[in-house]
Amino acid sequence: VPYTDRLDYLASMSMNFGYVVAVERLMGQKVPERAEHMRVILAELQRIASHLLWLGTFGLDLGNFTIFIYCFREREMVLDLFESVSGQRLNYAFYRVGGMALDFPDSFVSDCRAFLEWFKPRLPEYDALVTDNVLFQKRTQGIGILPRQTAIDYAASGPMLRGSGVRWDLRRNDPYSIYDRFEFEVPCDQGEDTWARFLVRRREMEESIRILEQALDQLPAGEVMAKVPKTIKPPPGQAYVRTESPRGELGFYIVSDGTPKPYRYKVRSPAFVNLSVLPEMVRGALVADIVAILGSVDIVLGEVDR
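A. Molecular detail of the overall build of the chain. Check the secondary structure of the chain and you find 15 helices and five strands. Rg of the C-alpha trace for the chain: 19 Å, near the compact-globule value of 19 Å for 306 residues, within the 12% margin. Along the three orthogonal principal directions, the C-alpha set of the chain runs to about 55 × 40 × 30 Å. Summed over all atoms, the accessible surface of the chain reaches about 12,900 Å², with 54% contributed by carbon and sulfur. When the 37 positive and 41 negative side-chain charges of the chain are each reduced to one mean point, those points stand 5 Å apart.

B. Up close: the environment of Tyr9. Structurally, Tyr9 is set in the loop between α1 (2-5) and α2 (12-27). By relative accessible area, Tyr9 is classed as partly exposed at 33%. Separated by 82 residues in the primary sequence, Tyr9 and Asn91 have C-alpha atoms spaced 6.5 Å apart. Excluding residues within four positions of it along the chain, Tyr9 makes contact with Leu90, Asn91, Val300, Leu301 and Gly302.

C. Structural detail: the packing of aromatic side chains. Tallied over the full model, the rule gives 18 aromatic pairs. Each ring, one from Phe17 and one from Tyr95, has its centre 5.4 Å from the other, and the planes form 35°; the classification is tilted. Linking Phe17 in helix α2 with Tyr95 in strand β1 (residues 95-96), this pair joins segments that are 78 residues apart in sequence. Each member of the pair, Phe17 as well as Tyr95, carries the same accessibility label: buried. Where Phe68 meets Phe72, the ring centres are 4.6 Å apart and the plane angle is 40°; that geometry is what we call tilted. Here the residue Phe68 and the residue Phe72 both occupy positions in helix α4 (residues 65-86), the gap between them amounting to four residues, near one helical turn. A residue is classified by how much of its surface remains accessible, and Phe68, at 19% relative accessible area, is buried.

D. Molecular detail of the packing of helix α3 (residues 33-61) against helix α11 (residues 194-218). Where α3 meets α11, the axes come as close as 9 Å, and the angle between the chain directions of the two elements is 150°. Here α3 lies roughly antiparallel to α11, going by the angle between them. Crossing handedness for the pair α3 and α11: left-handed. Here α3 contributes His37, Val40, Ile41, Glu44, Leu45, Arg47, Ile48, His51, Leu52, Trp54, Leu55 and Phe58 to the contact with α11, which in turn contributes Thr194, Phe198, Arg201, Glu204, Met205, Ser208, Ile209, Ile211, Leu212, Ala215, Leu216 and Gln218. Of the residues belonging to the contact of α3 with α11, the class tally is 15 nonpolar, five polar and four charged.

E. Region of interest: the packing of α11 against helix α14 (residues 287-297). The interhelical angle for the contact between α11 and α14, taken along N-to-C directions, is 35°, at an axis separation of 9 Å. Considering the relative orientation of α11 and α14, their crossing is left-handed. Here α11 contributes Thr194, Arg197 and Arg201 to the contact with α14, which in turn contributes Ala292, Ile293, Ser296 and Val297. The residue inventory of the contact of α11 with α14, partitioned by class, reads three nonpolar, two polar and two charged.

Reading the values: rules and limits
Residues numbered from 1 in each chain as written. Predicted model: local features only at pLDDT ≥ 70, side-chain atom pairs only at ≥ 80, totals over all residues. Heavy atoms only, no water. Helix = DSSP H or I, 4+ residues; strand = E, 2+ residues; numbered from the N terminus. Rg over C-alpha atoms; globule rule 2.2 N^0.38 Å. Areas by Shrake-Rupley, 256 points an atom, 1.4 Å probe, with all protein chains shown as cover. Lys, Arg positive; Asp, Glu negative; His and termini not counted. Charge placed at Lys NZ, Arg CZ, Asp CG, Glu CD. Buried < 20%, exposed > 50% of the residue type's maximum accessible area, 1.4 Å probe, protein only. Contact = heavy atoms within 4.5 Å. Phe/Tyr/Trp six-rings, centres within 6.5 Å; stacked < 30°, edge-to-face > 60°. Axes fitted to C-alpha atoms, helices over the stretch in contact; angles between N-to-C directions. Parallel < 35°, antiparallel > 145°, perpendicular 65-115°, else oblique. Left-handed = near helix turned anticlockwise from the far one by under 90°. Nonpolar A, V, L, I, M, F, W, Y, C, P; charged D, E, K, R; others polar.

This is the structure in structure tokens:
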């Protein structure tokens, strides 16, 4: 599990999530209800934190320093929540095969609700700084065109794919964990440009708030860890599990030979795959536009260079 933290170190909870689900599927392992809700809550908080860092640094790339400060203000609050749960602020190694390492601290649910109440009114502030900003619009609209079919041909995923008009989100189209119990929309935009990819991520933060509020309301009491052996030895076989990370489709392919170590272990990195389509988007663009186009891909080099 700690190795997965280093893949997308800006969404470590999401990396933990995908890996443990793959091992559990290989083992046929059930997970306690409370642990399933905890996983979704932490994953959606991580999605918000990841999109906040993206939006802040994307604005910085385009000369908007103010949005960078605003986004990091809210991201620090999410990291405070993660620290209260795991003791860490970047690499958490918190998910476990069969459940979670620890239960939420007593104040977590109230603290999380307080954050959401603070965060919801901040989104219109971001719109005033970025969405309604004419300079930002001119730097993003009509550049970095990624046609729908090209996005499909390159196996792009996440906001990259949804910004090209393909409404595909694994939480909805191939549900894992308990995502099928929640009501939320899959933001999608037909624009196919840098502006469209921005709008998708901006709207996704609102949908994550919806999921979080439902998961907190439904959070049951009970155990957070199933009974599993101290040494994990999945039966011989193979499993491929894909989950929706903030950057797109994250896949773990594991082959077991019955020993504690996997015979084969392959990661399908959304950032690496999405980056491969960059030459198609920058052809004919100005050098200054390439900064915005690359920023709209939202790569994390831990995933790309793994």
